[in-house]
Amino acid sequence: MGKADFLSPKAISNRIKSKGLQKLRWYCQMCQKQCRDENGFKCHCMSESHQRQLLLASENPRKFMDFFSHEFKSGFLELLRRRFGTKRVHNNIVYNEYISDREHIHMNATRWETLTDFTKWLGRQGLCKVDETPKGWYIQYIDRDPETIRRQEELARRKKHELDDEERSAKFIEEQVRRGRNAKEEEEDPVYTELKRENEEEKVAFNLGAAAALPGPSTSSSLVAPSALKKASSSVKRKDASSASEARDKKKSALEQIIEMEERKKQQQQPIRTDHWLQPGIVVKVVTKRLGEKYHKKKAVVTEVQEKYTAVVKMVDSGDKLKLDQNHVETVIPAPGKCVMILNGSHRDTRAVLDGIDEKNFCASLTLDSGPHKGKRVDVAYEDFSKLA
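Notes on the structure in this doc start here. (Residues numbered from 1 in each chain as written. Predicted model: local features only at pLDDT ≥ 70, side-chain atom pairs only at ≥ 80, totals over all residues. Heavy atoms only, no water.)

### Observations concerning the overall build of the protein
What the protein contains, in helices and strands, is eight helices and 17 strands. Taking the intrachain contacts of the protein between residues at least 6 apart in sequence as the baseline, contacts between residues at least 24 apart amount to 46%. Accessible area for the protein stands at about 28,600 Å²; split by element, carbon and sulfur atoms hold 52% of it. (Helix = DSSP H or I, 4+ residues; strand = E, 2+ residues; numbered from the N terminus. Contact = heavy atoms within 4.5 Å. Areas by Shrake-Rupley, 256 points an atom, 1.4 Å probe, with all protein chains shown as cover.)

Now the structure itself:
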């Protein structure tokens, strides 16, 4: 009896029955034939085409096993690369997705007896990173694509270039600081030494411009010498002091001005911010899903704060009391004109009135209602204030 036509009811029925995975014991890898039951597999083994395939395989069995092994390895790695990329994944998950294809190469036709042996072989060949855990073997694909390697090298080159720029600027700053220190050392006051004569009989003569001292009697030279020495030393000291002050002013206009500006910035009062913001009496919204839909996105009032990060809240709708962590709630923004409490920043613990909301900058305009700056208008971020109960 001949084969049924492709569009005949019998052919369509056979195709429907053959969909999906079937038992591996009734599959012939040489003929790539899947039988639906034991009787069909027995009839296939007795067929002439199967016998011919067995004769071909008996002539060179290693050739067929290598071919099937190569096809299995290529299909497995292609699925691992395309589906999971370079993520670490359990080998059994990849294998289950691989065998979901009806036309896949079965492992019993390859050189590997088990999936564990195949996983170890991938690790030895350097195709994947493999590691054994109590839950089984995990594999991670090693991408050796030239384009991927080029992108990684380009990214590493960019990072190195950024680091080089930072190092260059740091060296420049160090050089400027070193020059400033050397200049300060050079500007120290000069050291004055005592005037000594090598020959005791030699006379000391001073030339003071127009009133030059001429050689004459010893009495006149002795009278002029003290006053001349005083004038000369005072003029030298004034010149040294003026030159030192000028040098300090010049140097102050460069490096020292930058240092003074940085010190002024540090001395300026910075907004006081902390990592805890819970306050009794404010309204918060529950954002955690662990408590179920009954409390998710529902509002509550903070009645007590424990250890700065834990709040005891009372639900507005049901009145239930819960103990929640700070990360499980968020602030509530009321309508304009309502009273709020500032929870963080320089105006912490200050009551205010909400004037308006700036959605573009994620902040709101508040008018302080208490404290020394009462009546002052400030801009505060959404997460730094909340509605008062």
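### Structural notes on the sheet that holds strand S17 (residues 385-387)
Strand pairing within a sheet occurs via backbone hydrogen bonds; the two strands may be parallel or antiparallel. Strand order in the open sheet formed by five strands is S16-S15-S14-S13-S17, and the pairing between neighbours is antiparallel. The sheet terminates laterally at strand S16 (377-381) and S17, the two strands that pair on one side only. Neighbour to neighbour, the strand axes of the sheet diverge by 45° on average, direction disregarded. Bridge count for strand S14 (residues 350-358) against strand S15 (residues 363-368) is six bridges, and the pairing is antiparallel. What sits directly across from Ala 352, in S15, is Leu 368. (Pairing = 2+ DSSP bridges. Axes fitted to C-alpha atoms, helices over the stretch in contact; angles between N-to-C directions.)

### Considerations on the environment of Val 302
Among the secondary structure elements, Val 302 is positioned in strand S9 (residues 299-306). Linking Val 302 and Gly 281, residues 21 residues apart in sequence, is a C-alpha distance of 5.4 Å. Leaving out residues up to four positions away in the same chain, Val 302 has contacts with Gln 279, Pro 280, Gly 281, Ile 282, Val 284, Ala 311, Val 312 and Val 313.

### So, the sheet that holds strand S5 (residues 136-141)
In space, the three strands of this open sheet follow the order S3-S5-S4, with antiparallel pairing throughout. Among the strands making up the open sheet, the edge pair consists of strand S3 (88-90) and strand S4 (128-133). Direction aside, neighbouring strands of the sheet carry axes that sit 30° apart on average. Bridging between S3 and S5 involves three bridges; their strand directions are antiparallel. Along S5, the bridge assignment pairs Arg 88 with Gln 140. On top of the sheet, helix H4 (residues 61-84) reaches S3, S4 and S5; it is set at about 75° to S5, its chief contact. Sheet strands in contact with helix H5 (residues 91-99) are S3 and S5, and its direction is about 70° off that of S3.

### A closer look at the nonpolar core
What tends to happen in soluble globular proteins is that the nonpolar side chains get buried as a cluster. Counting 26 residues, the largest nonpolar core has Phe 72, Phe 76, Leu 80, Val 94, Tyr 95, Phe 118 and Leu 122 as the members making the most contacts within it. When residues of this core are traced back to their parent elements, those giving at least two are H4, H5, helix H6 (115-124) and S5. Looking at this core, the element that brings in the most residues is H4, giving seven residues. Ignoring sequence-local partners within four residues, the contact set of Phe 76 consists of Asn 91, Val 94, Tyr 95, Tyr 98, Phe 118, Leu 122 and Ile 139. Tyr 295, Val 302, Met 315 and Leu 322 belong to the second largest nonpolar core, which has 17 residues in total. (Core = buried A, V, L, I, M, F, W, Y, C linked by side-chain atoms within 4.5 Å. Buried < 20%, exposed > 50% of the residue type's maximum accessible area, 1.4 Å probe, protein only.)

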